[in-house]
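Chain by chain, the residues run as shown.
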Amino acid sequence: MNTTHFPIAIIGAGLGGLTAARVLHVNGIESAIFELEASAADRTQGGMLDIHETNGQKALRAAGLHDDFLKIVHEGGQAMRLLGPDGTVHVAEEDDGSGGRPEVDRGDLRDLLLGYLPDGTIHWGRKVTRARPLGDGRHEVTFADGSAITTDLLIGADGAWSRIRPLVSSAWPAYTGISFVETDLFDADTRHPRSAAVIGGGFFIALGDERGVLAHRETDGSLHVYTALKAAEGWLDTVDFTNQATAKAAVLAHFHDWDESLRALVADADTITPRRIHALPVGHRWDRVPGVTLLGDAAHLMSPFAGEGANLAMLDGAELALAIAAHPGDTEAALAAYEEVLFPRSEESAAESAANLDTMFGERSLEQMVAFFTSGPAAH
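Residues numbered from 1 in each chain as written. Predicted model: local features only at pLDDT ≥ 70, side-chain atom pairs only at ≥ 80, totals over all residues. Heavy atoms only, no water.

Caption draft 1: Summary view of the overall build of the chain. From N to C terminus, the chain includes 12 helices and 16 strands. With respect to the principal axes defined by its C-alpha atoms, the chain has extents near 60 × 45 × 35 Å. Across the 380 residues of the chain, 53% fall into the buried class. Across the chain, contacts joining residues at least 24 apart in sequence account for 72% of those joining residues at least 6 apart. About 16100 Å² of surface is accessible on the chain, with carbon and sulfur atoms providing 50% of the total. Each charge sign in the chain was given a centre, from 29 positive and 55 negative side chains, and these centres are 4 Å apart. (Helix = DSSP H or I, 4+ residues; strand = E, 2+ residues; numbered from the N terminus. Buried < 20%, exposed > 50% of the residue type's maximum accessible area, 1.4 Å probe, protein only. Contact = heavy atoms within 4.5 Å. Areas by Shrake-Rupley, 256 points an atom, 1.4 Å probe, with all protein chains shown as cover. Lys, Arg positive; Asp, Glu negative; His and termini not counted. Charge placed at Lys NZ, Arg CZ, Asp CG, Glu CD.)

Right, dumping it as structure tokens:
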């Protein structure tokens, strides 16, 4: 087997891995990223992200990209509406530009990071099939195309089902009890004006009876909707998602008593996709293993109900890169410094996410979320 050596190898070209590579580059350190997707355009990245001042924006500043980030922010995207199952609006906040969580399209943010990496940094079409230690902190990674690399520092930025995680931890994501059905309504103002009016200009939540609908208005004029409910892990397998009409009927059966304006977010959708929500244990951590570490979902997969996943991944990537730059020639000191901060930070967010899941899908979800959003800016 022809094996190439890379001093620093990052597995995964998501936001965390890209941020790590960019901050390393800013600090004069080369790295290589290995990504299973065939190219940057292999699939639509999709989805809106709110990038927080305390973590995601901090990472972008370390990457020297904060000014460029501000140019791709979705103006008006911080608006928020909270409704009950009967369609009553309980909270409506406009985006006056003063919030600390500007919205951005995930694909635009990824393109920004990609555009500031040296040519050849990313090796596309590399699906990891095996990763093993070679001793002295070095590792070998084998790919499905038959190629292999060795590295002095292996960074697992490869998401929920990380192939690198088993090198440091036996933990595996568990089903949280919540299933999502994602729908898109394209060209909403023209083709779906009622739904566009219901969602508003930014983020939207409807809650009640241990069920929920979360949605965003996208920068391309579409609506991206997550219909969520408590369900057995196998429930989605009982629905034929290859038949849109059948799938929509199966989902709407759980929302039969909801207002028609909310049901239309599924009934009138142009696409429909199932997704189970998984999480690693709150407080997931591992003993220091020479030459390897994790970031983002690989390290601390959590449910999306704290809105921190992408923000933490980017901060992880930035702080890992800064730790490497601060400890030249001493990888172990760098990784120890990084993980010392990583573990308590990610535990706090994972606990918040788990608590928010319980609140949003509990018996008093609407009442509690109204109180949350109306108790002053310090609360959120």
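Here the narrative resumes, following the displayed structure.
Caption draft 2: How the structure looks around the packing of aromatic side chains. For the structure on display, the rule yields 9 aromatic pairs. Ring plane angle 50 degrees and centroid distance 5.3 Å describe the contact between tryptophan 161 and tryptophan 172, whose orientation is recorded as tilted. Here tryptophan 161 is found in the loop between β10 (148–156) and β11 (174–185), whereas its partner tryptophan 172 is found in the loop between β10 and β11, with 11 residues between them in sequence. Using a relative accessible area of 42% as the deciding quantity, one classes tryptophan 161 as partly exposed. Here the aromatic rings of phenylalanine 372 and phenylalanine 373 are separated by 5.0 Å at their centres, their planes lie at 80 degrees, and the arrangement is edge-to-face. Given the relative accessible area of 34%, phenylalanine 372 is considered partly exposed. Judged by its relative accessible area of 13%, phenylalanine 373 falls in the buried class. Members of the aromatic cluster, connected to one another through ring pairs, are Phe180, Tyr226, Phe305 and Phe361. Sitting above the plane of the phenylalanine 143 ring, arginine 126 keeps its charged end 5.4 Å from the centroid. In this structure, arginine 211 packs its charged tip against the face of phenylalanine 255, placed 5.7 Å from the ring centre. (Phe/Tyr/Trp six-rings, centres within 6.5 Å; stacked < 30°, edge-to-face > 60°. Lys NZ or Arg CZ within 6 Å of the ring centre and 35° of its normal.)

Caption draft 3: Spatial organisation of the pairing of strand β12 (residues 203–208). Burial analysis of β12 places 5 of its 6 residues in the buried class, the great majority of the element. Summarising the sheet, strand β4 (residues 80–83) and β12 pair through 4 bridges and their orientation is parallel. Across the sheet, leucine 82 pairs through a bridge with isoleucine 205, a residue of β12. Here 6 bridges tie β12 to strand β13 (residues 211–217), and the two strands are oriented antiparallel to one another. Residue glycine 208 lies in a different strand from β13, and its bridge partner there is arginine 211. Between the antiparallel neighbours β12 and β13 lie 2 residues, among them aspartate 209 with a positive phi of about 55 degrees. (Pairing = 2+ DSSP bridges.)

Caption draft 4: Helix α1 (residues 15–26), seen in detail. Along its 12 residues, α1 runs 16 Å from first to last C-alpha, staying within 8% of the 16 Å computed at 1.5 Å per residue. α1 sits mainly inside the fold: 10 of its 12 residues count as buried. If you check which residues of α1 are buried, you get Leu15, Gly16, Gly17, Leu18, Thr19, Ala20, Ala21, Arg22, Val23 and Leu24. Of the residues one or two after α1, glycine 28 is the one with positive phi, at around 75 degrees. (Expected span 1.5 Å × (residues − 1).)

Caption draft 5: Inspection of the environment of proline 281 at higher detail. Its place among the elements puts proline 281 in the loop between β15 (271–279) and β16 (292–294). Proline 281 gets classed as partly exposed once you look at its relative accessible area, which sits at 47%. For the pair proline 281 and alanine 321, spaced 40 residues apart in the sequence, the C-alpha separation amounts to 25 Å.

Caption draft 6: Structural context of the nonpolar core. In this structure, Ile10 and Leu109 are the most contacted members of the largest nonpolar core, which totals 60 residues. In terms of residue count, helix α10 (residues 309–326) provides more of this core than any other element does, 7 residues in total. Setting aside residues no more than four positions away along its own chain, leucine 109 makes contact with Leu15, Leu49, Ile51, Leu60, Phe69, Ile72, Val104 and Met314. Core analysis: the next-biggest nonpolar cluster, separate from the first, contains 30 residues, Leu83, Leu185, Ala215 and Ala269 among them. (Core = buried A, V, L, I, M, F, W, Y, C linked by side-chain atoms within 4.5 Å.)

Caption draft 7: Examining the sheet that holds strand β14 (residues 223–230) more closely. The strand order β5-β4-β12-β13-β14-β11-β15 describes an open sheet built from 7 strands, whose pairing is mixed. Every interior strand has two partners, whereas the edge strands, β5 (89–93) and β15, have only one. Strand-to-strand twist in this sheet, taken as the mean axis angle between neighbours without regard to direction, amounts to 15 degrees. When β11 meets β14, the two strands line up antiparallel, connected through 8 bridges. The residue bridging isoleucine 178 from the neighbouring strand is lysine 230, located in β14. In this fold helix α7 (residues 244–252) packs onto β11, β14 and β15, with an angle of close to 50 degrees to the strand it touches most, β15. (Axes fitted to C-alpha atoms, helices over the stretch in contact; angles between N-to-C directions.)

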